[in-house]
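Reading the structure
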Amino acid sequence: MEVYPEELRTPPVALAALVGCPELHADVTKHLHSEQPPINTLALPDFSKIAVIAKAQKGDSSSSDQSSGILKRDWLQKHRTHIPAVVAAFFTSDQVSGDPTQWLQVCTDLDSLKAVLRERNIKLVIVVVVSSTSNADLSEDHMTALKKRAEIDSKHIIIFALNNNLEMKESLNRLGSIFAELANTYYRDEGRKVKTRLERKSLSSVELSIRYCFKVAVYAEFRRDWPEALRMYEDAYQTLREMIGTTTKSPAIQWLIEIKTVAEQLHFKVSTLLLHGGKLTEAITWFRQHHASYKKLVGAPEVSFLHWEWLSRQFLVFAELLETSLSYTQSISSPVPGTKDRLTELEYRSSYYYQLAAHYLKEKKSCSEIALSMMETTNKSDNDVDSIVPSIYIGQYARVTEEGETCSVKRVTDEDYVRYALVEEKRSQDFSLIVVLLKRCFEAYNDLKAPRMASYCGFEMAREYAATGEFQSAKELLDSVASLYRKEGWVILLWDVLGYLRECSMKLGSAKDFVEYSLEMAALPVSSSSGVQPLSFNSCVFAGPPSLSQREMIQKEVFKLVRGESGEDNNCLKITDTQPLHLVIDLVSPLRAVLLASVAFHEQLVKPGAPTPMTISLLSQLPLTMEIDQLDIQFNQVACNFSVINGQRSKHPILESHPNLRIETAPSLTLSTNKWLRLTYDITSELGGKLECVSIIARNGPNFTICCIAESPASMSELPLWKFEDRVESSPIKDPSVSFSGQKAIQVEEPDPLVDLKLGVSGPALVGERFIIPVTISSKGHPVFSGELKINLVDVRGGGLFSPRDVEPSSMDNLHVELLGVSGLFENEDNNKSDDNIEKIQPTFGLISVPVLKEGESWTCKLEIRWRRPKPIMLYVSLGYSPLGSDNNNNKVHVHRNLEIEGKNPVLISHRFMLPFRKDPLLLSTIKSNPDQIPPPTLPLNETSILVITAKNVTEVPLRLLSMSIKRDDNEIKNDSNVSGFTLLQGDEFKKIFTVIPEHNQPKLKTGTLHLSWKRDATTAGEEVVLTEHKLPEVDIELPPIVVQLECPPHAILGNHFTYFIKIKNQTQLLQEIKYSLADSQSFVLSGTHNDILYVLPKSEHTLSYKLVPLVPGFQQLPRFTATSLRYSAGFQSSNTATSVFVFPSVPHFLKEKEGKLGLIEEH
Amino acid sequence: MKRRRFQKFVLRWIAHFLSLVSAKPTLFRIEISRRRTDSRFPQQVLFIYFSFHMASTACFMIVSRNDIPIYEAEVGTATKKEEAAHQHQFILHAALDIVQDLAWTTSAMYLKAIDRFNDLVVSAYVTAGHTRLMLLHDSRNDDGIKSFFQEVHELYIKILLNPLYLPGSRITSSHFDTKVRALARKYL
């Protein structure tokens, strides 16, 4: 916008002139300026200066000049700064009411002022300044005289009081409003005057009508009548547009220039007014029309650059206008849909216009270059153009010739004008402007998240940089642009960009970049077969047309360069011994299309020292066949590296410093387009571990290497640009299974271990004992260096449940199986190495180091494991050692052994509580208890109960019991028994009887813990004594209210009577009523009551006695006794075992012997 | 009269020569106007307007959903001009940004004119599979362009139905090419 003069850019402001009383001017100016709308002031100190306003005397030429131009250059300037709408004449009251000479002076001043003003129709205001110091009073007569003299309305005489601030302010306000009113009137009158002239339609030329329209519009602008101004500007613009088709004037070139210049100014005004009025869409539509109507008017070819410059300026200025107006409107109204020629969203962005401005500026640049070169060929001196200056009309140029004193101005011919324009053109700096513009839209598009548009701008910018020799900047830009095109696969665009990049890197002398870009270009999937290069108007096309032939040419050129065969012509790029070129193609490089290396081992595992086949496959998309001198294949194991040399090249292989490098010779190393070159070799690795092919280096010529990172065919990604091309796809390896699953790495197995690892275990482990597992390492060919023994205990059922995470690991009781330690370490080894030895024992894991063993030696240690619960576990023992004695971890040999060990309970302990025979206490709790749940055993208080403990050997190991005891919780041994030397075989039971007499009446009495100590009954002495604990259950103790005791002899003899007592003991303080009955039995004859109710006194015992005579021999049931305690509603029935007795048919022998001794059979 | 006829001949010859050089007869339009305007300039004044007249140039491209161009054709009567062709591709590529924004604002496939570069207009058509058909043209024949897009879409669907065609890969079918060019002649 800065191209336009200031008066055009800002809206016009009314102008008022102040004459006389210069001391007041500052205040008045300041006040008027701050008015709304503001008024500019022209301060003239005294009346002699009034001539500046006066109309210039027009010469005779004025009439002929009328049609020679459209707009005068200084007209607007003049009206804004020189011709006031109002003139205020300041007189002091002393001057008016003073002596006659002063009055006379006032009159002459007024007359001269009036003479000037009348010509221009300028309004006059008279200000009489009344200062506080002056004593002269201003009479009505004076004022009337003044009014008459000045021929003005009475309200246009203002008394300006200076007495105090308030009054002065008031006067200023009055002055301001009168000025505004008069200025408005003046501009309206002027506008109307011009308009009537316009409407008379008797104008001599179209130019005048345009000029009048312009003037009316400007006057309307002075009045702030924007719609009127807009209408008139549009009228002027339309008239001008029509003029192009209808009138022609000489000189033709300048005529077009003038029209365009005027159109530009009118258009600027229209767009400004539209945009300030907030009519964004209208402004943009207006601009589009403006562009459409003028873009074709290129004009004469030698000055066509002026047209492009003009067009570019239109876009630039509109972009700036749009930007400023958008910055305060902030909102972009969406494009109106439905209309046929609707605006795109982009057209609301200033960046769109910047981009086009740059585009046209480029056009201009190329045109001006041609024009300038043409001018240089004509080689005319351009001294005479110095005298050409812009003439008084906008868009016209004139020659000033000095003839002595007077300067005469003449219009220039088109020829001179063209020369002038070209000379001016030489000074212009298009390049920097283009770059600035492009950078602006580059950034704007990036902010809009439109990377593709930004790329296009970036590309254009880079082209400018390249054209002006700033190759570094160009290259940086192009690199970023190229990456986008590469990603999106726009090959043709990428081709262009790469072409520039190639040229830039050549200019920068970067051989590496040059080769990289050239190779990438040569490998692009461009195949348009129209090899004919059409005429190209742009000399900046570096890349050439994207075609196969061009690709071939580029490839040839590059390979000539890298082989050092190119002639001297190829400027600064040199690849020599001192500056060898080394390209690296990694997995994401765009150069993968140039050389793709896939390496696959045919097998997945290989023994060390055994050869395994490996296939190297190379693919190139270069259009011509590429010949490789030598291939270096590099592995992670340096010893495996080897080279393949081309058998067809007679040159010596380029030997590396490695003297014993393996060298293979291939019949040919030629890569044709899109055809895999497959080479298969055997690889032998001596070392265990992973063998991986790292890279393949192709040597081409002495100083050029391409290092290709090897890829596995299984995980190889496709070439991004060639992926969707129409080409024959083949697998890198013929064998399809290998090509699908082949890997560039192979696992080399360890050498077979020549060390034996033995786990000497027999039989199951028993819970509680410290189970010893001897581990023997015996060397059978390998010495053992830096050996490590790893021990792992794993639950057979999976899920290492040894140390549950939710329980603290510190509580050892939660471990069911625990590795206690390793004994027998370093028994026969001196202790000086103990520092190096690792020994790490955890409950389920152990790591111990093994001393150095020579061949044939062996070493033993013992693992100690304790089971806490019966559980089968898997014991893993692995030995890692290095047979070579070096510390290299890769060469370790591992031996693994595992063993399942069952942990078993040694003995099964059971117990039983019993009461004495034929004695039954009434235990109330057993009656009441719920039959569903098994009650804890209940023992009667103060009665003797019997506890039978049974220990059964459930293992196949014979055990020797040492002692069995019951310990109370206070560790007091309740009952001890030494059973030393009793051996239990499998299935044997050992029973022991304890008597228990409860003394405290208390539920849930703890009986104590059974301690059983035992050891394995092995032949070897020194077996460890193991103590097995078994917790006895709690018992309830209860006082039985009634105890029934049956008494009868242990046996009877047929026919001999005996007495059967039934004792009922009442242990309560209450009288107990017992109802009883005795059933008859066939085997016995019985005397006594069968049924009765009896009363047992408190704390006493009642005895029933019957006499019985057995009738049948053998085991016989005594008559069944049934009793019911009525108080407790509890019945008693004697059990069968308790009431059976054996009846001998006659007196047995042992009784007879006894009888013999005693003489009598005792009767009970 | 004779002189005028001679001048006419010379001008025609110049026009012919220029058309040969440009290899594109429609590229330059030579406007010759003769007016007697000023007595001081008795000669006829020649206006030669060099104007880029690309009235019949259109560049058509199909861009796959991965933003890769899968088909491109310079349709229309104009002969091929490489530099211009590349610029067309640049413009179309840049217009993808706008398509990307616009495609989600409407359910219609035909997006109409979406971008404008000089006198060239970019129209776009987005298929359900987000394949974009893009046309760079300068004619204002909106209905024709719409029909063109719709018919090419049908052709494209036929290509997709081909079991040997891998979606997203370059369309190399010559039949498709011929059909598209025929459609361009018909509608554009």
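Residues numbered from 1 in each chain as written. Chains lettered and ligands numbered in written order. Predicted model: local features only at pLDDT ≥ 70, side-chain atom pairs only at ≥ 80, totals over all residues. Heavy atoms only, no water.

So, on to the overall build of chain A. Helix and strand counts for chain A stand at 24 helices and 53 strands. The buried share among the 1164 residues of chain A stands at 49%. By sequence separation, contacts in chain A at least 24 residues apart represent 73% of the contacts at least 6 residues apart. Accessible surface for chain A amounts to roughly 55,600 Å². Of this, 51% is attributable to carbon and sulfur atoms. (Helix = DSSP H or I, 4+ residues; strand = E, 2+ residues; numbered from the N terminus. Buried < 20%, exposed > 50% of the residue type's maximum accessible area, 1.4 Å probe, protein only. Contact = heavy atoms within 4.5 Å. Areas by Shrake-Rupley, 256 points an atom, 1.4 Å probe, with all protein chains shown as cover.)

Within chain B one finds four helices and five strands. Here chain B, with 188 residues, has 45% of them falling under the buried criterion. Within chain B, counting contacts between residues at least 6 apart in sequence, those at least 24 apart form 52% of the total. When the accessible surface of chain B is split by element, carbon and sulfur atoms take 58% of a total near 10,000 Å².

In this section: the sheet that holds strand 2 (residues 69-75) of chain B. Residue and element names in this part refer to chain B. Taken together, five strands build an open sheet; the order of strands is 2-1-5-4-3 and the sheet is antiparallel. The two strands at the open ends of the sheet, each matched to only one other strand, are strand 2 and strand 3 (110-117). Strand-to-strand twist of the sheet, defined as the mean angle between neighbouring strand axes without regard to direction, takes the value 15°. Taken together, the six bridges between strand 1 (residues 58-63) and strand 2 define a ladder with antiparallel strand orientation. Note that in strand 2 the partner of M61 across the bridge is E72. Strand contacts of helix 3 (residues 142-161): strand 1, strand 2, strand 3, strand 4 (120-126) and strand 5 (132-137), with the helix running at about 145° to strand 5, the strand carrying the most contacts. (Pairing = 2+ DSSP bridges. Axes fitted to C-alpha atoms, helices over the stretch in contact; angles between N-to-C directions.)

Following the criterion strictly, the structure yields 37 salt bridges over all chains and no others. K744 of chain A is the salt-bridge partner of E692 of chain A, the closest N and O atoms lying 3.6 Å from each other. You can see E692 of chain A sitting in strand 19 (residues 689-699) and its partner K744 of chain A sitting in the loop between helix 22 (736-741) and strand 21 (745-748), a full 52 residues away along the chain. Since its relative accessible area comes to 18%, K744 of chain A is described here as buried. For R132 of chain B, the salt bridge goes to D67 of chain B, with nearest N and O atoms at 2.8 Å. Within this pair, whereas R132 of chain B is found in strand 5, its partner D67 of chain B is found in the loop between strand 1 and strand 2, the two being separated by 65 residues in sequence. Given the relative accessible area of 2%, R132 of chain B is considered buried. Here D67 of chain B falls in the buried class, since its relative accessible area comes to 16%. (Salt bridge = Lys/Arg side-chain N within 4 Å of Asp/Glu carboxyl O.)

Another point: the pairing of strand 28 (residues 845-850) of chain A. Residues and elements named next belong to chain A. Burial of strand 28 is extensive: five of the six residues sit out of reach of the surface. One ladder, built from six bridges, connects strand 25 (residues 785-795) with strand 28; its direction is antiparallel. Opposite N792, over in strand 28, you have F845 as the bridge partner. Judged from the three bridges that link them, strand 27 (residues 839-841) and strand 28 form a sheet pairing that is antiparallel. Across the sheet, I841 pairs through a bridge with G846, a residue of strand 28. Connecting the antiparallel pair strand 27 and strand 28 is a turn made up of three residues.

Residue and element names in this part refer to chain A. Helix length check: helix 15 (residues 414-427), at 14 residues, gives a terminal C-alpha distance of 20 Å against a target of 20 Å (1.5 Å per residue), a fit within 8%. Burial within helix 15 is extensive, with ten of its 14 residues counted as buried. Restricting attention to buried positions, one finds in helix 15 the residues D414, D416, Y417, V418, R419, Y420, A421, L422, V423 and E425. (Expected span 1.5 Å × (residues − 1).)

This paragraph deals with unusual backbone geometry. A positive phi is found at N121 of chain A, a non-glycine position, where the angle reads about 65°. Structurally, the position occupied by N121 of chain A is in the loop between helix 6 (100-120) and strand 4 (123-130). With phi around 65°, H130 of chain B is a residue other than glycine that occupies positive phi space. Mapped onto the elements, H130 of chain B comes out in the loop between strand 4 and strand 5.

This brings us to the packing of aromatic side chains. Geometrically, a pair of aromatic rings is defined through the distance of the ring centres and the angle of the planes. Residues and elements named next belong to chain A. Inspection of the entire model under this criterion finds 39 aromatic pairs over all chains. Every member of this aromatic cluster is reached through a ring pair, and the members are W75, Y186, Y187, F214, Y219, F222 and Y233. Between the NZ or CZ atom of R241 and the centre of the ring of Y294, over which it lies, the distance is 5.4 Å. The cationic tip of K260 hangs over the ring face of W310; the distance from NZ or CZ to the ring centre is 5.7 Å. (Phe/Tyr/Trp six-rings, centres within 6.5 Å; stacked < 30°, edge-to-face > 60°. Lys NZ or Arg CZ within 6 Å of the ring centre and 35° of its normal.)

Residues and elements named next belong to chain A. The residue D189 is located in helix 8 (residues 165-199) in this model. Given the relative accessible area of 23%, D189 is considered partly exposed. Considering only alpha carbons, one finds D189 and N121, 68 residues apart in sequence, at a separation of 8.9 Å.

Another aspect to go through is the confidence of the model for chain A. Put simply, chain A has an average pLDDT of 78, and 84% of its residues get 70 or more. Long-range and interchain partners of residues 529-541 of chain A, a stretch whose pLDDT sits below 50, account for 15 contacts in this model, where long-range means more than four residues apart. (pLDDT = per-residue confidence, 0-100.)

Before going further, it helps to examine helix 9 (residues 206-222) of chain A. Compared with the 24 Å implied by 1.5 Å per residue over 17 residues, the 24 Å span of helix 9 of chain A between its first and last C-alpha is a close match. Counting buried positions along helix 9 of chain A gives 16 out of 17 residues, so the element sits mostly inside the fold.

Here we come to the sheet that holds strand 3 (residues 86-92) of chain A. Residues and elements named next belong to chain A. Taking strand neighbours across the sheet as the criterion, the five strands line up as 2-1-3-4-5 in an open arrangement whose pairing is parallel. In the strand order of this sheet, the two ends are held by strand 2 (39-44) and strand 5 (157-161), each with one partner. For this sheet, the mean inter-axis angle between neighbouring strands, taken without regard to orientation, is 25°. Pairing analysis gives six bridges linking strand 1 (residues 14-19) to strand 2, with the strands arranged parallel. Bridging from a neighbouring strand, L18 pairs with A43 of strand 2. Those strands touched by helix 2 (residues 22-33) are strand 1, strand 2, strand 3, strand 4 and strand 5, and its axis lies near 165° from that of strand 2.

Residues and elements named next belong to chain A. A contiguous nonpolar surface patch, about 460 Å² in accessible area, is contributed by L1071, I1093, Y1095, L1097 and L1126. Residue position: L1071 is located in the loop between strand 45 (1058-1066) and strand 46 (1072-1078). The class of L1071 is partly exposed, set by a relative accessible area of 38%. (Patch = residues over 30% accessible without salt bridge, like charges linked within 9 Å, V, L, I, M, F, W, Y side chains within 5 Å.)

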